[in-house]
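# Coordinates in review
One-letter residues, chain by chain:
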Amino acid sequence: MANNFLETKTITLAELLGNGKKYIVPPYQRDYSWDEEKWEDLFFDLNELEKSVHPHYMGAIVLQSSNGKEYSIIDGQQRIATLSIFIIAIIQILRDMAHNGIDTEQNNERIDIFCRQYLGDKNPASLMRTSKLELNNVNNHFFSRYIVQFEKPTRVLLTKEDGSNKMLYGAFEYFYKHLKAKFNGKSGKDIAIYLSETIGDKVKFIMITVEDELNAYT
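Residues numbered from 1 in each chain as written. Predicted model: local features only at pLDDT ≥ 70, side-chain atom pairs only at ≥ 80, totals over all residues. Heavy atoms only, no water.

### Quick look at the overall build of the protein
To be explicit about the condition: Only DSSP runs of H or I covering at least 4 residues are called helices, and only runs of E covering at least 2 are called strands; the numbering of each starts at the N terminus. Only C-alpha atoms enter the radius of gyration, while the globule expectation follows 2.2 Å times N to the 0.38, with N the number of residues. Only protein chains enter the calculation, and the probe is 1.4 Å; a residue is then buried if its accessible area is under 20% of its type maximum, exposed if over 50%, and partly exposed in between.
Within the protein one finds 9 helices and 6 strands. Relative to the globule expectation of 17 Å for 218 residues, the C-alpha radius of gyration of the protein, 17 Å, shows essentially globular dimensions. Here the C-alpha coordinates of the protein stretch approximately 55 × 45 × 40 Å along the principal axes. Here the protein holds 218 residues, and the buried ones make up 48% of them.

Below is the structure:
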């Protein structure tokens, strides 16, 4: 059994999402299901983290990979998706600041750095961002089209969407609203330090990587 484990280690959120790897939620995994109660719990924990010298552990995640480049998320997709949305909400606030002429050049540079680090690179032909995180068949189109690309869906579209996609956008709206209040009066530099040093470095997981799904579930 031990030979089937590639590694088990503690990893920061920045190391998880900022390593150039791609994470895929298998088609059979359940749809996004976190609701406001869970978003509120996470937001509270992350606020407390800012006051603490200790990291915040988000539990174990189980990943399966045969090539070390693409990883199937066997356990942890809800947490990874929600933290990605949390980061996207922070980046959106920096985009608002740049759009409103607040340290535009510096904030645009911060946006580019964080998008590359946490979300993925742009395709040079389409100029669309290719997400490091691929959700299941129900959620992925909505997530990659609207949330990762910072494109606001119409209310008409949201009423037609699957309930879990409404929750995905609901998570973005929840974090955007609360982070906007949190960062009121803060500079882009302050926000960048918060994302890098508090969220990126102090949110941690126990990452278990295995070679096949059988051992992942074991």
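Continuing now.
### Description of the packing of aromatic side chains
Rule in force here: Stacked, tilted and edge-to-face are the three classes applied to pairs of Phe, Tyr and Trp rings, where Trp contributes its six-membered ring and a pair requires centres within 6.5 Å; stacked means planes under 30 degrees apart, edge-to-face means over 60, and tilted covers the rest.
Evaluation of the coordinates by the stated rule reveals 12 aromatic pairs. Considering the side-chain rings of tryptophan 39 and tyrosine 174, the 5.9 Å spacing of their centres and the 45° angle between planes classify their relative orientation as tilted. Placement of tryptophan 39 in helix H2 (residues 36-51) and of tyrosine 174 in helix H7 (residues 163-182) is noted, with a sequence separation of 135 residues between them. Each member of the pair, tryptophan 39 as well as tyrosine 174, carries the same accessibility label: buried. With 6.4 Å between their ring centres and 90° between their planes, phenylalanine 142 and tyrosine 169 make a pair best called edge-to-face.

### Quick word on unusual backbone geometry
Positive phi, normally seen in glycine, also occurs at aspartate 103, with a value near 45°. When you line up the elements, aspartate 103 lands in the loop between helix H3 (77-99) and helix H4 (104-119). Using a relative accessible area of 40% as the deciding quantity, one classes aspartate 103 as partly exposed. In this model, phenylalanine 150 sits at a positive phi of 60°, which is unusual for a non-glycine residue. Here phenylalanine 150 shows up in the loop between helix H5 (140-147) and helix H6 (155-160).

### Describing empty space enclosed by the protein
We apply this condition: As defined here, a cavity is a set of points on a 1 Å grid over the protein atoms alone where a 1.4 Å probe fits but cannot get out. A pocket is an open set with protein on both sides within 12 Å along at least five of seven lines, and residues line them when an atom is within 4 Å of a point. Grid points are joined across faces, edges and corners, and a volume is the space filled by probe spheres set on the points. Residue type decides the class: Asp, Glu, Lys and Arg count as charged, Ala, Val, Leu, Ile, Met, Phe, Trp, Tyr, Cys and Pro as nonpolar, and the leftover types, Gly among them, as polar.
For the structure shown, the criterion picks out 2 cavities of 30 Å³ or more. Approximately 50 Å³ is the volume found for the largest cavity. Contributing to the lining of the largest cavity are Leu17, Ser84, Ile88, Tyr118, Leu119, Ser131, Lys132, Leu133, Phe143 and Val148. Put simply, the parts of the chain that give the lining of the largest cavity at least two residues each are H3 and H4. In terms of residue class, the lining of the largest cavity is made up of 7 nonpolar, 2 polar and 1 charged. Roughly 30 Å³ of volume is contained in the second largest cavity. Here the lining of the second largest cavity is built from residues that sort into 4 nonpolar, 3 polar and 1 charged.

### Side note on the packing of H2 against H7
Put simply, the rule is: Helix axes are fitted only over the stretch in contact, all axes being lines through C-alpha atoms; the angle between N-to-C directions runs from 0 to 180 degrees. Left-handed describes a crossing whose near helix is turned anticlockwise from the far helix by less than a right angle; the clockwise case is right-handed. Contact between two residues is taken to exist if any of their heavy atoms lie within 4.5 Å; hydrogens are not considered.
It is at 10 Å that the axes of H2 and H7 come closest, and there the two elements cross at 35°. Here H2 and H7 pass one another in a crossing that is right-handed. From H2, Glu36, Trp39, Glu40, Leu42, Phe43, Asn47 and Glu50 reach across to H7, where they touch Met167, Gly170, Ala171, Tyr174, Phe175, His178, Leu179 and Lys182.

### Focus: the packing of H2 against helix H8 (residues 188-202)
Put simply, the test is: Note on terminology: angles under 35 degrees are roughly parallel, angles over 145 are roughly antiparallel, angles of 65 to 115 are roughly perpendicular, and the others are oblique.
In contact at an axis separation of 10 Å, H2 and H8 are set at 110° when each is read in the N-to-C sense. The angle between the axes of H2 and H8 places the two elements in the roughly perpendicular class. Along its contact with H2, which presents Leu46, Leu49 and Glu50, the element H8 presents Tyr194, Thr198, Ile199 and Lys202. Considered class by class, the residues forming the contact of H2 with H8 number 4 nonpolar, 1 polar and 2 charged.

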